[in-house]
Amino acid sequence: MSNPIVGELIDLLQLERLEQNLFRGQSRDIGTKYVFGGQVLGQALSAAQRTVDPARAVHSLHAYFLRAGDIEAPIVFEVDRARDGRSFSVRRIVAIQHGEVILNAAASFQIAEAGVEHQLSMPDVPPPEDIEPPAPIPSEELAKLPIKAQRWLARKGPFAFRPVYPRNELKPAKRPPFQQLWFRLAGRAPDDDTLHRAMLAYASDFHLIGTATLPHGISYLQHNVQMASLDHAIWFHRPFRMDDWLLYACDSPSAQGARGLARGMIYTRDGKLVASTAQEGMLRVLPDTPTP
């Protein structure tokens, strides 16, 4: 591992143990107004994994975002060892900040077992090497945005993304609610399966709910658009590495009642389905009041 940004992500997911079932994680300002939801997801999974027999791997994580997180404060994670059966273990996780719960989650773990197998095929898309990295937003356009948005868009994060069908978030056109993008860690990571799963939980929050905005030609950068994750689910199917290219194939079957639903399937470059996701988010378009 040579990329310091990747090292920072790994450190972020290595929680401090305060008590047997109590952990503390730091927060990072990556340009979002509040703590990035993927950070809390990855840290919650990291906390739960620390309380489970290493022979049991997580197969599902379900979480509700209850309050926005403060990027200036650490987060405490309390793990309840709900059940340890012969094949499965269940953990409940509560993330606490300033004395209030910001996330409720549950994770289920299973011993390795053989069984029947099938999967949906990976979409037919160009390989990541044939797709150019996203072009940076011109500096004159970036300067027109709020400072937080500038930092978010100009950041060099721990993941590289290559959308199959890029769109201009400053001038979004309407299109069907489907998108595919390749992503991977921007450096090598240790051979630790639990770390790679926590990193995938972190990365799975990128771009997912944005799929629900595609048919409407709106963007999170517009001042009259409010977006926030309400819940998140991820199912782990097969082994993977975050430092190899993965394809995130997303769709949004519905938006209604100021909420949007998005689903995702994550594939290795050789077509193995390694994880599935689902997320509902708040999606409000406010009346655009003219400037006096």
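The text that follows walks through the structure, step by step, so that each part is easy to find. These numbers come from a predicted model, not from an experiment. (Residues numbered from 1 in each chain as written. Predicted model: local features only at pLDDT ≥ 70, side-chain atom pairs only at ≥ 80, totals over all residues. Heavy atoms only, no water.)

### Things to note about the environment of L247
Reasoning step 1: Along the chain, L247 turns up in strand β10 (residues 246-256).
Reasoning step 2: Expressed as a C-alpha distance, the spacing of L247 and V125, which sit 122 residues apart in the sequence, is 9.2 Å.
Reasoning step 3: With near-sequence residues (within four places) excluded, L247 lies in contact with M122, P123, V125, V164, Q180, L181, W182, M265, I266 and Y267. (Helix = DSSP H or I, 4+ residues; strand = E, 2+ residues; numbered from the N terminus. Contact = heavy atoms within 4.5 Å.)

### Topic: the pairing of β10
Reasoning step 1: Inspection of the sheet shows strand β8 (residues 178-185) paired to β10 by 6 bridges, in the antiparallel sense. Within the sheet, the bridge partner assigned to F178 lies in β10 and is D251.
Reasoning step 2: The pairing of β10 with strand β11 (residues 259-268) spans 9 bridges and is antiparallel. Looking at the pairing, C250 lines up with G264 of β11.
Reasoning step 3: Counting the residues that bridge the hairpin from β10 to β11 gives 2 residues, and of these G257 lies at a positive phi of roughly 55 degrees. (Pairing = 2+ DSSP bridges.)

### A closer look at the layout of surface pockets
Rolled over the atoms, a probe with the dimensions of a water molecule shows which regions are left empty.
Reasoning step 1: For the second largest pocket, the calculated volume is near 870 Å³.
Reasoning step 2: Taken together, 28 residues form the lining of the second largest pocket, with H59, Q110, F236, H237 and R238 sitting closest to its centre.
Reasoning step 3: Breaking the lining of the second largest pocket down by element, the ones donating at least two residues are β3 (56-65), β6 (100-111), α5 (193-203) and β9 (225-236).
Reasoning step 4: The element contributing the most residues to the lining of the second largest pocket is β3, with 4 residues. (1 Å grid on protein atoms, 1.4 Å probe; cavity = no way out; pocket = protein on both sides within 12 Å on 5 of 7 lines; lining within 4 Å. Points joined across faces, edges and corners; volume = space filled by probe spheres on them.)

### Overview of the nonpolar core
Reasoning step 1: By size, the foremost hydrophobic cluster in this structure holds 59 residues, and its most contacted members are F77, L103, F159, F183, M199, L200 and M242.
Reasoning step 2: Among the elements that take part in this core, α5 stands out by supplying 7 residues, more than any other.
Reasoning step 3: Membership of the second largest hydrophobic core comes to 9 residues, among which are V125, V164, W245 and L247. (Core = buried A, V, L, I, M, F, W, Y, C linked by side-chain atoms within 4.5 Å. Buried < 20%, exposed > 50% of the residue type's maximum accessible area, 1.4 Å probe, protein only.)

### Focus: the packing of aromatic side chains
Reasoning step 1: As enumerated under the stated definition, the model contains 9 aromatic pairs in all.
Reasoning step 2: Where F159 meets F161, the ring centres are 6.4 Å apart and the plane angle is 50 degrees; that geometry is what we call tilted.
Reasoning step 3: Centroid distance F159 to F206: 6.3 Å. Interplanar angle 65 degrees. Geometry classified as edge-to-face. Of this pair, F159 sits in strand β7 (residues 159-163) while F206 sits in the loop between α5 and β9; the two residues are 47 residues apart in sequence, bridging distant segments of the chain.
Reasoning step 4: A relative accessible area of 8% places F159 in the buried class.
Reasoning step 5: Looking at F206, the relative accessible area reads 5%, which means it is buried.
Reasoning step 6: Aromatic ring contacts, followed pair by pair, group F36, F159, F161, F183, Y202, F206 and Y248 into a single cluster. (Phe/Tyr/Trp six-rings, centres within 6.5 Å; stacked < 30°, edge-to-face > 60°.)

### Section: the packing of helix α1 (residues 4-13) against α5
Reasoning step 1: Where α1 contacts α5, the two axes come as close as 11 Å, and the packing angle between them is 100 degrees. Classified by the angle between their axes, α1 and α5 sit roughly perpendicular to one another. Contacts from L9, I10, L12 and L13 of α1 reach α5 at L195, A198, M199 and Y202.
Reasoning step 2: Residues of the contact of α1 with α5, tallied by class, amount to 8 nonpolar, no polar and no charged. (Axes fitted to C-alpha atoms, helices over the stretch in contact; angles between N-to-C directions. Parallel < 35°, antiparallel > 145°, perpendicular 65-115°, else oblique. Nonpolar A, V, L, I, M, F, W, Y, C, P; charged D, E, K, R; others polar.)

### Observations concerning the pairing of β11
Reasoning step 1: As paired strands, β11 and strand β12 (residues 273-285) are joined by 9 bridges and run antiparallel to one another. For G260, the partnering residue across the bridge sits in β12 and is G281.
Reasoning step 2: Between β11 and β12, which pair antiparallel one after the other, the connecting turn spans 4 residues, and G271 there sits at a positive phi close to 95 degrees.

### Some points on the pattern of salt bridges
Any two side chains of opposite charge can pair, on the condition that their charged atoms come close.
Reasoning step 1: The full count for this structure, using the stated rule, is 15 salt bridges.
Reasoning step 2: Across the salt bridge formed by R67 and E100, the nearest N and O atoms sit 3.5 Å from each other. Taken together, the positions of R67 in the loop between β3 and β4 (75-84) and E100 in strand β6 put the pair 33 residues apart, joining distant regions of the chain.
Reasoning step 3: Put simply, R188, D191, R241, D243 and D244 are held in one network by salt bridges that share partners. (Salt bridge = Lys/Arg side-chain N within 4 Å of Asp/Glu carboxyl O.)

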